[in-house]
Amino acid sequence: MKLSLNWLKDYIDPRLSVDELVNRLTMAGLEVESVEARPKDTVIDLEVTPNRPDWLSVQGLARDIGAILQKKVIYPSFKNYAIKKSGLRVHIEDKRDCPRYITTVLNNTTVTAGGVWANYLKSIDLRPISNAVDITNYILMDMGQPLHVFDYDKITGGHVFVRRAKTGE
């Protein structure tokens, strides 16, 4: 997991030297693979053990760093939006594989190159593709929540089928 210190500072400012932060992370059980000083940022590459999937996101790492340093983590605030049914029907083949799948439809959206998240993605060596794809990658890396974007016009009959891949797919 690559951690951009600039991205981390959206949630918590450790106010430590990079060496001291690396030492504290190591003492907490995070194996630091490498530290790379980049123009205007530093990126720490961490080896994440299978029992700590919460370390696979910037927010998860910020929570642990906050606990290690006894500092408060600042999370963004969100506005409440009225939610209406998307009109899509979801069919989950096996609830043990996927107990819940939620859809929403964004109207009046234009897919363009890049987006405001491109610099964050570039900092951890992910290639920006488009604003629609970039926001899903940003949320995955920031919160650990995978998302998928579909072109509504290409969803046949308004049905979304959630299932395991078949052989050869």
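An account of the accompanying structure is given in this report.

Rules and cut-offs
- Residues numbered from 1 in each chain as written.
- Predicted model: local features only at pLDDT ≥ 70, side-chain atom pairs only at ≥ 80, totals over all residues.
- Heavy atoms only, no water.
- Core = buried A, V, L, I, M, F, W, Y, C linked by side-chain atoms within 4.5 Å.
- Buried < 20%, exposed > 50% of the residue type's maximum accessible area, 1.4 Å probe, protein only.
- Helix = DSSP H or I, 4+ residues; strand = E, 2+ residues; numbered from the N terminus.
- Contact = heavy atoms within 4.5 Å.
- Pairing = 2+ DSSP bridges.
- Axes fitted to C-alpha atoms, helices over the stretch in contact; angles between N-to-C directions.
- Polar contact = N/O pair within 3.5 Å; in protein donor to acceptor, adjacent residues only side chain to side chain.

Thoughts on the nonpolar core
Thought 1: Among the nonpolar cores identified, the biggest contains 26 residues, and Leu 25, Ile 44, Leu 46 and Ile 65 are the most heavily contacted of them.
Thought 2: At the level of elements, helix H1 (5-8), helix H2 (18-27), strand S3 (41-47), helix H3 (58-69) and helix H5 (131-143) are the ones that each hand at least two residues to this core.
Thought 3: Sort the elements by how many residues they give to this core and H3 lands first, with five residues.
Thought 4: Here Leu 46 is in contact with Met 1, Leu 3, Leu 25, Leu 30, Glu 31, Val 32, Glu 33 and Leu 61, once residues within four sequence places are set aside.

Regarding the sheet that holds strand S1 (residues 2-4)
Backbone-to-backbone hydrogen bonds pair the strands of a sheet. The strands run either parallel or antiparallel.
Thought 1: The antiparallel open sheet is built from three strands, whose spatial order is S1-S3-S2. For this open sheet the edge positions go to S1 and strand S2 (31-38), each flanked by a neighbour on one side alone. Along the sheet, successive strands turn relative to each other by an average axial angle of 20°, direction set aside.
Thought 2: Taken together, the three bridges between S1 and S3 define a ladder with antiparallel strand orientation. Each residue of the ladder has a partner; that of Lys 2, found in S3, is Asp 45.

Brief notes about the side chain of Ser 57
Thought 1: You can see Ser 57 is positioned in the loop between S3 and H3.
Thought 2: Overall, the relative accessible area of 4% leaves Ser 57 in the buried class.
Thought 3: At 2.9 Å, the side chain of Ser 57 forms a polar contact with the backbone nitrogen of Gly 60.
Thought 4: If sequence neighbours within four positions are ignored, Ser 57 has contacts with Met 1, Leu 140, Met 141, Asp 142, Met 143 and Gly 144.

Side note on unusual backbone geometry
Residues apart from glycine generally show negative phi values, whereas peptide bonds are mostly found in trans.
Thought 1: Although it is not a glycine, Lys 40 sits at a positive phi angle of roughly 70°.
Thought 2: Structurally, Lys 40 can be placed in the loop between S2 and S3.
Thought 3: The class for Lys 40 is exposed, based on a relative accessible area of 79%.
Thought 4: Positive phi, normally seen in glycine, also occurs at Asp 125, with a value near 70°.

By themselves, these figures tell us nothing about what the structure is for.
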